[in-house]
Amino acid sequence: MAALQLYNTLSRKKDIFTPLDPAHVRLYACGPTVYNYAHIGNARMAVVFDLLVRLLRTLYPKVTYVSNITDVDDKIIAAARESGASIDEITKKYAQVYNEDMKALGVAAPDIQPLATTHITHMIALIEALIEKGHAYAADGHALFHVPSFPAYGGLSGRSRDEQIAGARVEVASYKKDPADFVLWKPSSGDEPGWDSPWGYGRPGWHIECSAMAQTHLGLPFDIHGGGADLKFPHHENEIAQSCCASGAEEDLSAFAKMWVHNGFVTVEGEKMSKSLGNVVLVHDEIAQHKASYGQVIRLALLSAHYRKPLDWNAQILHQAEKLYEKMTRALETLKDVPVDETVKEPDTAVLAALCDDLNTPLAFTKLGDVLGDIRKAEDTAQPVLKATLLNTLSLLGITPEDSFAQEAGSNGDNGWIEALLAERTQAKTDRNFARADEIRDELAAKGITIEDTPSGPIWRRV
Ligand SMILES: [Zn+2]
């Protein structure tokens, strides 16, 4: 098995990934706050962690990937006030849009996608534990984490105390004991969402949400915590402070998550994306303006730079992604009538090795180009193996060239890919991963295949 190495923000070096439990790898990535359409920067995070999950699934028998939905937040309240829609309508709509848009980019649904609002009891319990251990205090309807109570604070981002205070952009608040202290709970007024708590009617701060959801669904510690680089400080620093201090592990920053993986920023034609510049690229618009397979092109473009480097979104990377996508589609077309060698279960070794080296996608795409070149030159007898390798490799990369599959689905030839998906669905159901099972059913339905579950197993037919 190839050894996976990942750059760990906490240790500031590439570490060999050693799962806490090799039989069950567990990871968490901060999901979206749902009040608007996802932009290309949000999508980069989703695609990068989807790729990491696919890679982990190739290497380990069981992976649980949790990525949350933040459905209580001041930005959501503001969006509701502005639009006149209810908070519930806003969050339901944008959570659904987010999932649909990410699906178009080949992002598989997380195994668990918890909602912040269904974890309030656990958040309150965590805050109570922090207060009891002297790491937090109640003041003026708020509960606050007291940063000086945790000397290791700042260990993830490496920020000095002055930078912490400046970066936290704290409002001058008389109830804070220290300017770096951050909110765990705050009061809600009449029209704001709220819950009863020991500190009065109110709502959680954003950071405590992830601490509660990650612990609920993965247990502590877990293997990998991910997110965009912009979340390192203060969000991830605060998650570590809350979770380590609540569990009495003040000395060990890895007592929450062993590894911290962060993806880089996205700029648009050399500029920072911002509303004021009017250059925010929304995934929803990009998909709506192009044919269905364009989601795959966006995915390839998002993965064209190494995930830790900044990615500049411009016509050139999209053009290159389109060319690579066309090459894959052509290769699959030449193999249309070739059966898949079912004994080949592995993706291409060189592509896998590139991904195992801290998700080196630029190198993986070069190696994928070699596979596509081999297909052009291959003898007939070698093609079934090459086709199987190519399909396994594309599946690892999360690429599904729609046109070719549609043609295959319409032919009476090779049905291996349907069987493979059905087998994966059966396994997903056994693992109680119903989100993935449903997703496979939808994926097949989109290609005109219906599934009927019978006592002797699932049967499929074309409609
Ligand atoms: Zn988070």
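Structure's up top.
Just so it is clear, the structure is predicted and the values come from calculations on it, not from any experiment.

A. Layout of the overall build of the protein chain. Summing up its helical and strand segments, the protein chain has 16 helices and 15 strands in all. Relative to the 2.2 N^0.38 estimate, which gives 23 Å for 463 residues, the radius of gyration of the protein chain is 23 Å and therefore close to what a compact globule would have. Counting only C-alpha atoms, the protein chain reaches 75 × 50 × 45 Å along its principal axes. Classification of the 463 residues of the protein chain by burial places 44% in the buried group. By sequence separation, contacts in the protein chain at least 24 residues apart represent 73% of the contacts at least 6 residues apart.

B. Fine view of the pairing of strand β5 (residues 136–139). Across 4 bridges, the pairing between β5 and strand β6 (residues 142–145) is antiparallel. Bridging from a neighbouring strand, Tyr137 pairs with Leu144 of β6. Adjacent in sequence and paired antiparallel, β5 and β6 are bridged by 2 residues, among which Asp140 carries a positive phi angle near 55°.

C. Representation of the sheet that holds strand β10 (residues 257–263). Judged by pairing direction, the sheet is parallel, and its 4 strands sit side by side in the order β4-β3-β9-β10 without closing on themselves. With one partner strand each, in any of the chains shown, β4 (63–67) and β10 form the two edges of the open sheet. Across this sheet, the average inter-strand angle for adjacent strands is 20°, counted without regard to direction. Judged from the 6 bridges that link them, strand β9 (residues 222–228) and β10 form a sheet pairing that is parallel.

D. Up close: the nonpolar core. Grouped together as the largest cluster of nonpolar side chains are 117 residues, with contacts concentrated most on Ala43, Val47, Ile127, Leu130 and Leu184. Here this core takes 12 residues from helix α1 (residues 40–59), the largest share from any one element. Once residues within four sequence positions are removed from consideration, Ile127 is found in contact with Ala136, Ala143, Leu184, Trp185 and Ile208.

E. Inspection of the sheet that holds strand β8 (residues 202–204) at higher detail. Reading across from one edge, β5-β6-β7-β8 is the order of the 4 strands in this open sheet, with antiparallel pairing throughout. In this open sheet, the two strands that pair with only one neighbour each are β5 and β8. In this sheet, neighbouring strand axes are inclined to one another by 20° on average, regardless of whether the strands run parallel or antiparallel. Bridge count between β6 and strand β7 (residues 182–187): 3 bridges; the pairing is antiparallel. Of the residues in β7, the one forming a bridge with Leu144 is Val183.

F. Geometry of the packing of helix α10 (residues 315–334) against helix α12 (residues 361–377). Closest axis-to-axis distance for the α10/α12 pair is 10 Å, and the angle between their directions is 30°. Comparing the axis directions of α10 and α12 gives the class roughly parallel. When you trace α10 past α12, the crossing you get is left-handed. Within the contact between the two elements, α10 uses Leu324, Lys327, Met328, Ala331 and Thr334 and α12 uses Phe365, Leu372 and Ile375. In terms of residue class, the contact of α10 with α12 is built from 6 nonpolar, 1 polar and 1 charged.

G. Region of the structure containing the environment of Gly270. Within the secondary structure layout, Gly270 lies in the loop between β11 (266–268) and β12 (271–272). Along the chain, Gly270 and Asn314 lie 44 residues apart, while their C-alpha atoms are 8.3 Å from each other.

H. Inspection of α12 at higher detail. Relative to the 24 Å expected for 17 residues at 1.5 Å per residue, α12 spans 24 Å between its end C-alpha atoms, a close match to the ideal helical length. Buried within α12 we find Thr361, Ala364, Lys367, Leu368 and Ile375. Axial view of α12: buried residues confined to an arc of 115°, hence all on one face. Facing away from the buried side of α12 by more than 90 degrees, the exposed set consists of Asp370, Gly373, Arg376 and Lys377.

I. Region of interest: the environment of Lys75. Take Lys75: it is sitting in helix α2 (residues 74–83). Overall, Lys75 belongs to the partly exposed group, with 14 C-beta atoms counted inside 10 Å. Along the sequence, Lys75 and Pro19 sit 56 residues apart, while their C-alpha atoms lie 36 Å from each other. Apart from the residues within four sequence positions on either side, Lys75 is in contact with Thr33 and Tyr35.

J. Main features of the pairing of β7. One ladder, built from 3 bridges, connects β7 with β8; its direction is antiparallel. Looking at β8, one finds that Pro187 is bridged to Gly202.

K. Layout of the packing of α2 against helix α3 (residues 87–104). At a minimum axis distance of 9 Å, the contact between α2 and α3 shows a crossing angle of 110°. The angle between α2 and α3 places the two elements in the roughly perpendicular class. Regarding α2 and α3, the two cross each other, and that crossing is right-handed. Judged by residue contacts, Ile76, Ile77, Ala79 and Ala80 of α2 engage Ile87, Ile90 and Thr91 from α3. Taken together, the residues of the contact of α2 with α3 sort by class into 6 nonpolar, 1 polar and no charged.

L. Quick look at unusual backbone geometry. Across the junction of Leu220 and Pro221, the peptide omega takes the value -10°, indicating a cis bond. Inspection of the secondary structure assignment puts Pro221 in the loop between α6 (206–218) and β9. Note that the residue after Phe233, namely Pro234, is joined by a cis bond; omega there is 0°. Residues other than glycine seldom take positive phi values, yet Arg12 does so here, at roughly 60°. Here Arg12 is to be found in the loop between β1 (5–8) and β2 (13–16). Judged by C-beta crowding, with 10 C-beta atoms within 10 Å, Arg12 ranks as exposed. At Asp358, a position not held by glycine, the phi torsion is positive, near 55°. Within the secondary structure, Asp358 is located in the loop between α11 (349–356) and α12. Owing to 19 C-beta atoms within 10 Å, Asp358 belongs among the partly exposed residues under this scheme.

The rules we used
Residues numbered from 1 in each chain as written. Predicted model: local features only at pLDDT ≥ 70, side-chain atom pairs only at ≥ 80, totals over all residues. Helix = DSSP H or I, 4+ residues; strand = E, 2+ residues; numbered from the N terminus. Rg over C-alpha atoms; globule rule 2.2 N^0.38 Å. Buried ≥ 20, exposed ≤ 12 C-beta atoms within 10 Å, placed from the backbone. Contact = placed C-beta atoms within 7 Å. Pairing = 2+ DSSP bridges. Axes fitted to C-alpha atoms, helices over the stretch in contact; angles between N-to-C directions. Core = buried A, V, L, I, M, F, W, Y, C linked by C-beta atoms within 7 Å. Parallel < 35°, antiparallel > 145°, perpendicular 65-115°, else oblique. Left-handed = near helix turned anticlockwise from the far one by under 90°. Nonpolar A, V, L, I, M, F, W, Y, C, P; charged D, E, K, R; others polar. Expected span 1.5 Å × (residues − 1). Arc of directions from axis to C-beta.

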